[in-house]
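# Residue-level structural notes
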Amino acid sequence: MFSVLVRRDGLIEPPPMSEVDAHCHILPGLDDGAPNEETAIAIAHLLVELGVVKVIATPHVISDIYPTSTDQILNATAALSTCFSRLGLPLKIVPGAEYYVERQFLDRAVKRDLLAWGKERYVLFEAPVYREPMLLEEVIFTLKSSGYTPLLAHAERYRFLQGNLDRIEALRRMGARFQVNHPSFHLPKVSRSGELARTLYIKGYADQFGTDIHRATSDDRVLAVSGDKRLFDRLNARAN
Ligand SMILES: [Fe+2]
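Keep in mind that this is a model prediction, so the values were computed, not measured.

Scoring rules and cut-offs
- Residues numbered from 1 in each chain as written.
- Predicted model: local features only at pLDDT ≥ 70, side-chain atom pairs only at ≥ 80, totals over all residues.
- Helix = DSSP H or I, 4+ residues; strand = E, 2+ residues; numbered from the N terminus.
- Rg over C-alpha atoms; globule rule 2.2 N^0.38 Å.
- Buried ≥ 20, exposed ≤ 12 C-beta atoms within 10 Å, placed from the backbone.
- Contact = placed C-beta atoms within 7 Å.
- Pairing = 2+ DSSP bridges.
- Axes fitted to C-alpha atoms, helices over the stretch in contact; angles between N-to-C directions.
- Right-handed = clockwise from strand over helix to strand, strands pointing away.
- Expected span 1.5 Å × (residues − 1).

In terms of regular secondary structure, the protein chain is built from eight helices and nine strands. Since a compact globule built from 240 residues should have a radius of gyration of about 18 Å, the 17 Å found for the protein chain is in line with a globular shape. Considering only C-alpha atoms, the protein chain reaches an extent of 50 × 45 × 30 Å along its principal axes. A buried classification covers 43% of the 240 residues belonging to the protein chain. Counted over contacts in the protein chain with a minimum sequence separation of 6, partners at least 24 positions apart contribute 75%.

Here it is as structure tokens:
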């Protein structure tokens, strides 16, 4: 068990940034994340300032919008890793993806044709925010039976999980694990995403943390260097 600090405003003190960023759109030119190498480097600098030592690169993979191939992800990760070494940036980068729940994803799970990471063989996937997809349970079972650990991206954002602890616990019993966006801990009490992020954390259901950063500026880095919490307001405002 761990203890959480409750602040005067009634919110818990956000946990420290995890050393592993399990969800980040740092690879340039593949999705709606970093548009070029310059932005990817700005994101990397920001992550290092925040204390991240390993980032899982997780571009969207959605068949009709971002049909990013595994080869593209592997090549972009290798190129960025070389770039970090050249710049002396102390950040390890690991190839991953943020797969969308759809039939094509399910087919690839059956064929064991997915990018997974860690000894748990986590596969990060996302669902529509408003309504639980019909394929969700089948996806979880198929990933499990193919030897993966299903990791639901930014679990705090889904309307079908907010205020629904029974469903959260049922999905966990099926084998789903949850990734929570670290900036969500800084959302106010009126935010349903913020409330669920805190609930998941307190219950021990936040299995992995991520930033879900899509872009960064030098101003962001200045805020990170000075420990200015307004950085998280910026990141939350840009979340998509
Ligand atoms: Fe994402």
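Here the phi dihedral of Arg 112 falls at roughly 55°; this positive angle occurs in a residue that is not glycine. In this structure Arg 112 comes out as exposed when scored by C-beta crowding, with 12 C-beta atoms within 10 Å. Within the chain, Arg 121 stands out as a residue other than glycine whose phi angle is a positive 55°. Residue class for Arg 121 comes out partly exposed when judged on the 16 C-beta atoms lying within 10 Å of it.

The strand order across the open sheet built from three strands is β1-β2-β4, with neighbouring strands paired in parallel fashion. Either end of the sheet is taken by a strand with one partner, and the two such strands are β1 (20–24) and β4 (92–95). Shown here is a sheet whose adjacent strand axes are inclined to one another by a mean of 25°, direction ignored. Note: strand β2 (residues 54–57) against β4, four bridges, orientation parallel. Paired with Ile 56 across the two strands is Val 94, which belongs to β4. Packing of helix α2 (residues 70–87) onto the sheet brings it into contact with β2 and β4, and relative to β4 it is tilted by some 175°.

Before going further, it helps to examine the pairing of strand β8 (residues 177–181). With four of its five residues buried, β8 lies for the most part within the structure. Note: strand β7 (residues 149–152) against β8, two bridges, orientation parallel. When the bridges of β8 are listed, Leu 152 appears paired with Phe 178. In the classification by handedness, the crossover that spans β7, the intervening helix α5 (residues 165–174) and the parallel β8 is right-handed. Alignment of β8 against strand β9 (residues 208–210), held across three bridges, turns out to be parallel. By the bridge assignment for β9, Gln 179 is matched with Gln 208.

Examined against the element boundaries, Ile 168 turns out to sit in helix α5. Sequence separation between Ile 168 and Glu 120 is 48 residues; the distance between their C-alpha atoms is 20 Å. With residues near it in sequence (within four places) discarded, Ile 168 still touches Leu 161 and Tyr 205.

What follows concerns α2. A rise of 1.5 Å per residue sets the reference length of α2, with its 18 residues, at 26 Å; its end C-alpha atoms lie 26 Å apart and thus fit the reference within 8%. Two residues or fewer after α2 comes Gly 88, characterised by a positive phi angle close to 70°.

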